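# What the coordinates show
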Amino acid sequence: MEGWDPSTKSALTQIPLLSTRAGPREGSAWTQRLKEEYRALIAYTTMNKSHDNDWFRISAVNPEGTHWSGTCWYVHNLRRYEFQVQFDIPVTYPATAPEIELPQLDGKTHKMYRGGKICLTVHFKPLWAKNCPRFGIAHALCLGLAPWLAAEVPILVDSGVLKHKDDEASLAGS
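Heads up: these notes are all about the structure in this document. Quick caveat: nothing in here was measured; it's all calculated off a predicted structure.

### Things to note about the overall build of the chain
A tally of helices and strands in the chain yields five helices and five strands. Reading the chain from its N terminus to its C terminus gives the helix and strand order α-α-β-β-β-β-β-α-α-α. Relative to the globule expectation of 16 Å for 174 residues, the C-alpha radius of gyration of the chain, 17 Å, shows essentially globular dimensions. Its C-alpha atoms put the chain at 55 × 35 × 30 Å along the principal axes. Positive and negative side-chain charges of the chain, numbering 19 and 18 respectively, have mean locations separated by a distance of 4 Å.

### Overview of the sheet that holds strand β2 (residues 67-76)
Taken together, the three strands give an open sheet; going across it, the order is β1-β2-β3, and neighbouring strands pair in antiparallel fashion. Each edge of the sheet is formed by a strand with only one pairing partner; in this case those strands are β1 (56-60) and β3 (79-88). Ignoring which end each strand starts from, the neighbouring axes of this sheet average 15 degrees apart. In this sheet, β2 lies alongside β1 in antiparallel orientation, the contact comprising five bridges. Counterpart to Arg57 in the pairing with β2 is Thr71.

### Some remarks on the environment of Glu36
Tracing the sequence through the fold places Glu36 in helix α2 (residues 27-50). Sequence separation of Glu36 and Leu17 is 19 residues, and the distance between their C-alpha atoms is 8.4 Å. Discounting chain neighbours no more than four positions away, the residues touching Glu36 are Leu18, Ser19 and Thr20. Reaching out from Glu36, the side chain makes a polar contact with the backbone nitrogen of Ser19 at a distance of 2.7 Å.

### Observations concerning the pattern of salt bridges
Following the criterion strictly, the structure yields five salt bridges and no others. Among the ionic pairs, Arg33 bridges to Glu37, the shortest N-O distance being 3.0 Å. Of this pair, Arg33 and Glu37 both sit in helix α2, four residues apart, which is roughly one turn of the helix. Exposure remark for Arg33: the relative accessible area of 0% places this residue in the buried category. Looking at Glu37, the relative accessible area reads 0%, which means it is buried. A salt bridge links Arg80 to Glu82; the nearest nitrogen and oxygen atoms lie 2.9 Å apart.

### Some points on the layout of surface pockets
Put simply, the largest pocket is a space of about 970 Å³. Looking at the largest pocket, it is lined by 36 residues, and the ones nearest its centre are Thr8, Cys142, Ala146, Pro147 and Ala150. Of all elements in the fold, only α1 (6-14), α2, β2, α3 (124-130) and α4 (137-158) reach the threshold of two or more residues within the lining of the largest pocket. Among the elements that line the lining of the largest pocket, the one with the most residues is α4, at nine residues. When its residues are assigned to classes, the lining of the largest pocket shows 21 nonpolar, 11 polar and four charged. By volume, the second largest pocket amounts to about 240 Å³. Along its surface, the second largest pocket is lined by 13 residues, and Glu82, Phe83, Gln104, Leu162 and Lys163 are the ones closest to its centre. Of all the secondary-structure elements, those providing two or more residues to the lining of the second largest pocket are β3 and α5 (165-173). In terms of residues, the lining of the second largest pocket owes the most to one element, β3, which gives four residues.

Cut-offs and rules
- Residues numbered from 1 in each chain as written.
- Predicted model: local features only at pLDDT ≥ 70, side-chain atom pairs only at ≥ 80, totals over all residues.
- Heavy atoms only, no water.
- Helix = DSSP H or I, 4+ residues; strand = E, 2+ residues; numbered from the N terminus.
- Rg over C-alpha atoms; globule rule 2.2 N^0.38 Å.
- Lys, Arg positive; Asp, Glu negative; His and termini not counted.
- Charge placed at Lys NZ, Arg CZ, Asp CG, Glu CD.
- Pairing = 2+ DSSP bridges.
- Axes fitted to C-alpha atoms, helices over the stretch in contact; angles between N-to-C directions.
- Contact = heavy atoms within 4.5 Å.
- Polar contact = N/O pair within 3.5 Å; in protein donor to acceptor, adjacent residues only side chain to side chain.
- Salt bridge = Lys/Arg side-chain N within 4 Å of Asp/Glu carboxyl O.
- Buried < 20%, exposed > 50% of the residue type's maximum accessible area, 1.4 Å probe, protein only.
- 1 Å grid on protein atoms, 1.4 Å probe; cavity = no way out; pocket = protein on both sides within 12 Å on 5 of 7 lines; lining within 4 Å.
- Points joined across faces, edges and corners; volume = space filled by probe spheres on them.
- Nonpolar A, V, L, I, M, F, W, Y, C, P; charged D, E, K, R; others polar.

Below you can see the structure in the form of structure tokens.
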């Protein structure tokens, strides 16, 4: 955690660590892992709300808990930029981190793979591997998606690649 800003350190220490090493194909052990995932997500969401830092909504789309979707947002220059977010839990989970996708931003930045998958290989994946199975979905959002949004959204907005929805509406009405 050296070199991390104090708010990231604080957030990370408040997200419960997970203990069950199970993937989607492992029956009751996976059910136990999902319970731990939900507890960590609830703790992270509660912490964010208490610090007025609410920035995502996410839930499992299917009963198995293998496909997740929702929205995330980032505020830049007092304007909220909102995006659809989705990911699948890989069969090798938790050894392999989920690949977080922002389909609306596909092709708009070089820090993204085809399909809108954000690039997390250099900084996040080694951290995930080192902390397997203790890290889960909440950790991926905190240490993967949040810093990615903080780094990329301002660049995309300032370069004109990303427009605010109010600007697009006013252009359409002209």
